[in-house]
Amino acid sequence: MGRELSGIHHVTAIAGDPQQNVDFYAGVLGLRLIKVTVNYDDPGTYHLYYGDEVGHPGTLLTFFPWPGAARGRRGTGQVTAVACSIPAQAIDYWIDRLKRQAIDVRGPIARFDEQVLAFDDPDGLPLELVAGPRADARTPWAGGPVPRESAIRGFSIVTLTEAACEETVAFLTDTLGCGLVQREGSQVRFRMGAGGPGALVDVLCLPKTARGRVAVGSVHHVAWRTPDDESQGAWRQDLATRGVDVTPVIDRQYFHSIYFREPGGVLFEIATDLPGFTVDEPAERLGTQLRLPSHLEPMRREIERRLPPLRHVTAP
């Protein structure tokens, strides 16, 4: 198509208690809380964004906290693992750090050419820390509780678990332009664009596994990167021409989005790199106040009344 998706833009998951979410992702994993806003489609719910210092695409893990909602069920038609990149020398640091927080960490597990630590967040969301064979040159956030030399760099891989893998594989390669990297048992790895950090997607083929249910502790959607509105428009046109049911462009304040489902049922998004997270607050103040888009500002008092209090984390 004369263009490429360059990797993961963000992953959005569903959490339970918002304070527990902040304490874990900012306090334990050491990510920066870079934006506190609301779900624009449900303004009574927070939308919390974590990432590197300014929330570069490829580092953004975001959550809709739904206090008291039911837990999801892991299965097919889902993103079943979200993997972040760490330096190879940081494996022992993270084993110790997670165990000190009473987190059941599995590994290191050898997978493809990586070493993987696997664990769940407090809501049961499956996470991985991955040390690959090549150094990840992305700069981590230096202001958090994790030393720079051990800190998370950004995304590495997302894993899609599918019952009928052939259709998903064909969609990734023929429609989204992904390239096959390698196979290992029931897991197949693809790269987006030129590859590199945050540009990998794994498909895990489990035809006898029950379909999953998206709720607390599961991924809502995964977004792929495109640089600007022009390239996003071209993607939208191409998807529609291929018969994919794709939404109109939606303004998410910090990026623009289109949504569609791959054949296995996972919700995909293509999101623009710009305008970014400093459009409504300076870099040094990111994540310190509730930010609302202009159309919700007249409702601020009512929105704030409905949202549970949220304090910034004290790192363990």
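Residues numbered from 1 in each chain as written. Predicted model: local features only at pLDDT ≥ 70, side-chain atom pairs only at ≥ 80, totals over all residues. Heavy atoms only, no water.

*Asks:* Explain the sheet that holds strand 8 (residues 126-131) to me, and be specific about the residues and the numbers.
*Replies:* Strand order across the open sheet formed by eight strands is 6-7-8-5-9-12-11-10, with mixed pairing between neighbours. With partners counted over all chains shown, the strands left at the sheet margins are strand 6 (106-111) and strand 10 (179-184), one partner each. If you compare each strand with its neighbour and ignore which way they point, the axes differ by 25° on average. Relative to strand 12 (residues 200-205), strand 9 (residues 154-162) runs parallel, the two being bridged by six bridges. Note on strand 12: the bridge partner recorded for valine 158 is valine 201. Across the sheet, helix 2 (residues 91-100) lies against strand 6, strand 7 (114-120) and strand 8, angled at about 10° from strand 7, the strand it touches most. Against the sheet, helix 3 (residues 165-175) engages strand 9, strand 11 (187-191) and strand 12, with an angle of about 165° to strand 12. (Pairing = 2+ DSSP bridges. Helix = DSSP H or I, 4+ residues; strand = E, 2+ residues; numbered from the N terminus. Axes fitted to C-alpha atoms, helices over the stretch in contact; angles between N-to-C directions. Contact = heavy atoms within 4.5 Å.)

*Asks:* Any details on the layout of surface pockets? Residues and values, ideally.
*Replies:* Space inside the largest pocket adds up to approximately 490 Å³. For the largest pocket, the lining is made up of 25 residues, of which Pro133, Arg134, Gly196, Pro197 and Leu200 are closest to its centre. Among the secondary structure elements, those contributing two or more residues to the lining of the largest pocket are strand 9, strand 10 and strand 11. Here the residues of the lining of the largest pocket are counted per class, giving eleven nonpolar, seven polar and seven charged. (1 Å grid on protein atoms, 1.4 Å probe; cavity = no way out; pocket = protein on both sides within 12 Å on 5 of 7 lines; lining within 4 Å. Points joined across faces, edges and corners; volume = space filled by probe spheres on them. Nonpolar A, V, L, I, M, F, W, Y, C, P; charged D, E, K, R; others polar.)

*Asks:* Before we move on, can you summarise a negative patch on the surface with the specific residues and values?
*Replies:* Among the surface-exposed residues, Asp228, Asp229, Glu230 and Asp251 lie close enough to one another that they form a single negatively charged patch. If you trace the backbone, aspartate 228 turns up in the loop between strand 13 (218-226) and helix 4 (229-241). Residue class for aspartate 228 comes out partly exposed when judged on its relative accessible area of 35%. (Patch = residues over 30% accessible without salt bridge, like charges linked within 9 Å, V, L, I, M, F, W, Y side chains within 5 Å. Areas by Shrake-Rupley, 256 points an atom, 1.4 Å probe, with all protein chains shown as cover. Salt bridge = Lys/Arg side-chain N within 4 Å of Asp/Glu carboxyl O. Lys, Arg positive; Asp, Glu negative; His and termini not counted. Charge placed at Lys NZ, Arg CZ, Asp CG, Glu CD. Buried < 20%, exposed > 50% of the residue type's maximum accessible area, 1.4 Å probe, protein only.)

*Asks:* Run through empty space enclosed by the protein, naming residues and quoting values.
*Replies:* Tallied over the full model, the rule gives two cavities of 30 Å³ or more. Space inside the largest cavity adds up to approximately 110 Å³. Around the largest cavity, the lining comprises 16 residues; the ones closest to its centre are Leu31, Gly51, Ile152, Arg153 and Gly154. Class assignment of the residues belonging to the lining of the largest cavity gives a composition of nine nonpolar, five polar and two charged. Of the volumes computed, that of the second largest cavity is approximately 50 Å³. The residue makeup of the lining of the second largest cavity, split by class, is ten nonpolar, no polar and one charged.

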